[in-house]
Amino acid sequence: MLGTLSETQIDDLLNDLPIGRIGCHADGVTYIVPVNYAYDGVNIYTHSAEE
């Protein structure tokens, strides 16, 4: 999704999707880590597990 989201669109997105992704960069390598999250309307709580 490209573009600017309104606050309502952001809230809808965070409430509708169960998995987010965090981009990380270490030792010259960029990678993406999937995380489960919960959104309470103010805070985002994340969880992931090592495989």
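Just above, that's the structure.
A few points on the structure. Please read all numbers here as calculations on a predicted model, not as lab measurements.

### Focus: a nonpolar patch on the surface
Together, Leu5, Ile10, Leu13 and Leu17 make up an exposed nonpolar region whose accessible area comes to about 280 Å². Relative to the assigned elements, leucine 13 resides in helix α1 (residues 7–16). Overall, the relative accessible area of 34% leaves leucine 13 in the partly exposed class.

### A word on the pairing of strand β1 (residues 19–26)
Remark: a regular strand shows side chains that alternate across the two faces of the sheet. In this sheet, strand β2 (residues 29–39) lies alongside β1 in antiparallel orientation, the contact comprising 8 bridges. Bridge assignment links histidine 25 to a residue of β2, and that residue is threonine 30.

### Let's talk about the environment of isoleucine 22
With respect to the helices and strands, the residue isoleucine 22 is situated in strand β1. With 10 residues separating them in the primary sequence, isoleucine 22 and isoleucine 32 have C-alpha atoms 5.6 Å apart. Setting aside its immediate chain neighbours within four residues, isoleucine 22 contacts Tyr31, Ile32, Val33 and Val35.

Calculation criteria
- Residues numbered from 1 in each chain as written.
- Predicted model: local features only at pLDDT ≥ 70, side-chain atom pairs only at ≥ 80, totals over all residues.
- Heavy atoms only, no water.
- Patch = residues over 30% accessible without salt bridge, like charges linked within 9 Å, V, L, I, M, F, W, Y side chains within 5 Å.
- Areas by Shrake-Rupley, 256 points an atom, 1.4 Å probe, with all protein chains shown as cover.
- Salt bridge = Lys/Arg side-chain N within 4 Å of Asp/Glu carboxyl O.
- Helix = DSSP H or I, 4+ residues; strand = E, 2+ residues; numbered from the N terminus.
- Buried < 20%, exposed > 50% of the residue type's maximum accessible area, 1.4 Å probe, protein only.
- Pairing = 2+ DSSP bridges.
- Contact = heavy atoms within 4.5 Å.

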